[in-house]
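Reading the structure
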Amino acid sequence: MIDIHCHILPGVDDGPAEMSEAIELAEHAVQEGITTIIATPHHNSRYSNNKSKILDEVQRLNKALTDRNIPLNVLPGQEIRIIGEFLNAYETDELLTVNNGNQYVLVELPFSEVPHYTEQLLFDIQLKGLVPVIVHPERNTELMNNPDRLYKLVKNGALTQITSGAYVGKLGRKVKSFSRKIIEHNLAHFIASDAHDIHKRGFYLRQAYEQIQKEFGTSTRYYFEENAELLTAGKNVMKEVPEKFKKRSFAWFS
Ligand SMILES: [Fe+2]
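- In the annotation of an unreviewed UniProt entry, the protein is listed under the name Tyrosine-protein phosphatase and assigned to Fictibacillus aquaticus.
- Among the UniProt annotations of the protein, the heading Sequence similarities (unreviewed entry) holds the following wording: "Belongs to the metallo-dependent hydrolases superfamily. CpsB/CapC family."
- The Catalytic activity (unreviewed entry) comment attached to the protein in UniProt states, word for word, "O-phospho-L-tyrosyl-[protein] + H2O = L-tyrosyl-[protein] + phosphate".

**Some points on the sheet that holds strand 2 (residues 36-39)**
- An order of 1-2-4 is seen for the three strands of this open sheet, with the pairing classed as parallel. Looking at the sheet topology across the chains shown, the edges are occupied by strand 1 (2-6) and strand 4 (73-76). Mean inter-strand twist for the sheet, computed between neighbouring axes without regard to direction, equals 25°.
- As paired strands, strand 1 and strand 2 are joined by three bridges and run parallel to one another. Of the residues in strand 2, the one forming a bridge with Asp3 is Ile37.
- In the packing of helix 2 (residues 51-67) onto the sheet, contacts are made with strand 2 and strand 4, and the angle to strand 4 comes to roughly 175°.

**Re the coordination of the iron ion**
- Within the protein, His5 (NE2), His7 (NE2), Glu79 (OE) and Asp194 (OD) serve as the donor atoms for the iron ion, at 2.1 to 2.2 Å.
- For the iron ion, the four donor atoms are set out with angles of 84 to 169° between them, so the coordination reads as irregular.
- Counting along the primary sequence, the residues that act as donors to the iron ion give the motif H-x1-H-x71-E-x114-D. As far as burial versus exposure is concerned, His5 and His7 are alike and both buried.

**As for helix 4 (residues 118-127)**
- Along helix 4, the residues classified as buried are Thr118, Leu121, Leu122 and Ile125. End-on, the buried residues of helix 4 take up no more than an arc of 95°, which puts them together on one face.
- On its buried face, helix 4 sits against helix 3 (86-91), strand 6 (104-108), strand 7 (131-135) and helix 6 (147-155).
- Phi for Gly129, located one or two positions after helix 4, is positive at around 90°.

**Observations regarding helix 2**
- In this model helix 2 runs 25 Å from its N-terminal to its C-terminal C-alpha over 17 residues, within 8% of the 24 Å that 1.5 Å per residue would give.
- Those residues of helix 2 that sit buried are Lys51, Ile54, Glu57, Val58, Leu61, Asn62, Ala64 and Leu65. The arc enclosing the buried residues of helix 2, seen along the axis, measures out at 160°, which places them on a common side. More than 90 degrees from the buried face of helix 2, the exposed residues found are Asp56, Gln59, Lys63, Thr66 and Asp67.
- Buried residues belonging to helix 2 abut helix 1 (19-32), strand 2 and strand 4.
- Downstream of helix 2 by one or two residues, Asn69 has phi in the positive range, about 55°.

Thresholds applied
Residues numbered from 1 in each chain as written. Predicted model: local features only at pLDDT ≥ 70, side-chain atom pairs only at ≥ 80, totals over all residues. Heavy atoms only, no water. UniProt positions renumbered as here; feature names shortened; annotations may be inferred. Pairing = 2+ DSSP bridges. Helix = DSSP H or I, 4+ residues; strand = E, 2+ residues; numbered from the N terminus. Axes fitted to C-alpha atoms, helices over the stretch in contact; angles between N-to-C directions. Contact = heavy atoms within 4.5 Å. Donors = N, O, S within 2.8 Å, 3.2 Å for Na, K, Ca; no water. Tetrahedral: all angles 85-135°; square planar, octahedral: opposite > 155°, others 65-115°. Buried < 20%, exposed > 50% of the residue type's maximum accessible area, 1.4 Å probe, protein only. Arc of directions from axis to C-beta. Expected span 1.5 Å × (residues − 1).

Right under this line is the structure:
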């Protein structure tokens, strides 16, 4: 399995503080059946982790894993909080796309809102030849209240990633239910852990895939698993035709 969103680099954000904790997280990933992780430190939010810093830290972690014979490959990535100056930061080589150079870029919205410039920015990002992947839309209050906005973002070319822990219910009933609705309406393209530690914010990736298989069938599970591989390889991912939510507010039927 490939996990495309994980805070595994030590001492850079709210993930593991020390290398020993990062190693512990890596061991859990291996037990879970994960072979490749895209390390995605926060950037532009409370934390600042530019491209060159992440590349150095990924190298350091991979060396530590090799020294300990832990069979996990860590690739560079970045979880970028959207800001108006996003493209300036990209031009000045501060931002990192998946695997340092492919077309996918992981973008994070603020928790409770979707800034007014989001549509334009995601459009402009695509004009640069990049593909924005909105991480954990299931946790955003505004999208929950107005899922039509998520539909429009996806219809206009954005991809989305649901968090495995959210899908299996670790973030409460409402977030779990919204995660399912997003998948049902063909508005999700990836499942990833967004793991930060081995306790509260662990992987749950195998559990999520097994549950998806039960609830949506084998082909949906493979769709998500294969998309993680395609993204990592910088190839075009699979998409279904996005569908509008039938009711305006998710809150109405949660
Ligand atoms: Fe994250």
